[in-house]
Amino acid sequence: MSAPLERIGVLGGTFDPIHHGHLAAASEVCAALDLDRMLLVPTNVQPFKTDVTSAPAHHRLEMCRLAVKGDERFGVSAVDVDRGGVTYTVDTLRDLGREYPDAQLYFVTGADALERFSQWRDAHVLSTLATFVGVTRPGHSLGQSDTPHSLVEVPALAVSSTDVRRRVGAGAPIRYLVPRAVADYIAQHDLYSGGSDE
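**Things to note about the sheet that holds strand S3 (residues 74–76)**
- Spatial strand order, S3-S2-S1-S4-S5-S6: six strands in an open sheet with parallel pairing. Of all strands in the sheet, those bounded by a partner on one side alone are S3 and strand S6 (149–153). On average, adjacent strands in this sheet sit at an angle of 30° to one another, irrespective of strand direction.
- Two strands pair when backbone bridges link them, and strand S4 (residues 103–110) and strand S5 (residues 131–136) are joined in this way by five bridges, in the parallel orientation. Of the residues in S5, the one forming a bridge with Gly110 is Val135.

Printed below as a string of structure tokens:
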């Protein structure tokens, strides 16, 4: 009798920066779907955000590593950053499928993103590469989607990466919105304050 496949969640995103809302969603999905672990996969360049300036990928990757340090359920993959160029989910899943051939992958994204699933590159093959999981706020339903999916309600945390960046730029505190190590990293590297992001 063969061993059961490892169940690996894949949470992709810009993570600019990663915050407690991302981590709460990852934790909730791990519990709801009984996943063995969750990989955070920072994008290199988002296809729907090519006109938006993000912190350099190496900074976003390091902030993810700092955010999950000490939590054995979570890991970070540099597969998209290492590939370079615009990040497409189909490439992410193919690369991770090669890296983890004996695993069942669960791609986690916002429920709103699943409603645009038909616009994703090579959408017709994506469902053969992973099970798709939409995360949503309690009481929020998912509209019509053309992909098989699971839906997981996660606690509603009033924090967004956009707000964190705005607060840093305004000199407002971000402690308790992001992990302490991430806040320290942002300050150390002068990210989002209008200074150097290199």
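What follows continues from the structure just given.
**Structural notes on the pairing of S5**
- Burial runs high along S5: five of the six residues are buried.
- Alignment of S5 against S6, held across five bridges, turns out to be parallel. Note on S6: the bridge partner recorded for Gly134 is Leu151.

**Some thoughts on the environment of Ala57**
- Structurally, Ala57 is set in helix H2 (residues 57–68).
- Taking relative accessible area as the criterion, Ala57 reaches 14% and is therefore assigned buried.
- Considered as a pair, Ala57 and Val81 are 24 residues apart in the sequence and their alpha carbons are 6.5 Å apart.
- Beyond its immediate stretch of four places on either side in the chain, Ala57 contacts Asn44 and Val81.

**Considerations on the nonpolar core**
- The biggest cluster of nonpolar side chains holds 36 residues, and the ones touching the most others in it are Ile18, Val29, Met38, Leu40, Met63 and Ile186.
- For this core, the secondary-structure elements that each account for two or more residues are helix H1 (20–33), strand S2 (37–42), H2, S4, S5, helix H7 (161–170) and helix H8 (180–188).
- Per-element tally for this core: the top contributor is H1, with six residues.
- Excluding anything up to four places from it in sequence, Ile186 contacts Pro17, Met63, Val168, Ile174, Leu191 and Tyr192.
- Listed in part, the 21 residues of the second largest apolar core include Leu39, Val79, Phe117 and Val125.

**Notes on the packing of H2 against H8**
- With their axes 8 Å apart at the nearest point, H2 and H8 run at an angle of 150° to one another. Judged by the inter-axis angle, H2 sits roughly antiparallel to H8. In the packing of H2 onto H8, the handedness of the crossing is right-handed. Facing His58, His59, Glu62, Met63, Leu66 and Ala67 of H2, the residues of H8 in contact are Ala181, Val182, Tyr185 and Ile186.
- Its residues assigned to classes, the contact of H2 with H8 shows seven nonpolar, two polar and one charged.

**Details of the side chain of Thr89**
- Inspection of the secondary structure assignment puts Thr89 in helix H4 (residues 89–99).
- Since its relative accessible area comes to 18%, Thr89 is described here as buried.
- Sequence-distant contacts of Thr89, that is, excluding residues within four places in its chain, are made with Phe107, Trp120, Leu126 and Phe132.

**A word on H2**
- For H2, built from twelve residues, the straight-helix expectation of 16 Å at 1.5 Å per residue is met to within 8% by its first-to-last C-alpha distance of 17 Å.
- Residues of H2 that are buried: Ala57, His59, Arg60, Leu61, Met63, Cys64, Ala67 and Val68.
- Buried residues along H2 sit against H1, S2, S3, helix H3 (79–83) and H8.
- A positive phi of about 95° marks Gly70, the residue just after H2.

**As for the pattern of salt bridges**
- Counted according to the given criterion, the structure contains ten salt bridges.
- In this structure, Glu6 and Arg37 form a salt bridge, with 2.8 Å as the shortest nitrogen-oxygen distance. Taken together, the residues span a long stretch of sequence, with Glu6 in strand S1 (residues 6–13) and Arg37 in strand S2 at a distance of 31 residues.
- Arg166 is the partner of Asp163 in a salt bridge, and the nearest nitrogen-oxygen pair spans 2.6 Å. Taken together, the positions of Asp163 and Arg166, both in helix H7 and three residues apart, correspond to about one turn of that helix.
- By sharing partners, the salt bridges in this structure join Asp80, Arg83, Asp95 and Arg98 into a single network.

Scoring rules and cut-offs
Residues numbered from 1 in each chain as written. Predicted model: local features only at pLDDT ≥ 70, side-chain atom pairs only at ≥ 80, totals over all residues. Heavy atoms only, no water. Pairing = 2+ DSSP bridges. Helix = DSSP H or I, 4+ residues; strand = E, 2+ residues; numbered from the N terminus. Axes fitted to C-alpha atoms, helices over the stretch in contact; angles between N-to-C directions. Buried < 20%, exposed > 50% of the residue type's maximum accessible area, 1.4 Å probe, protein only. Contact = heavy atoms within 4.5 Å. Core = buried A, V, L, I, M, F, W, Y, C linked by side-chain atoms within 4.5 Å. Parallel < 35°, antiparallel > 145°, perpendicular 65-115°, else oblique. Left-handed = near helix turned anticlockwise from the far one by under 90°. Nonpolar A, V, L, I, M, F, W, Y, C, P; charged D, E, K, R; others polar. Expected span 1.5 Å × (residues − 1). Salt bridge = Lys/Arg side-chain N within 4 Å of Asp/Glu carboxyl O.

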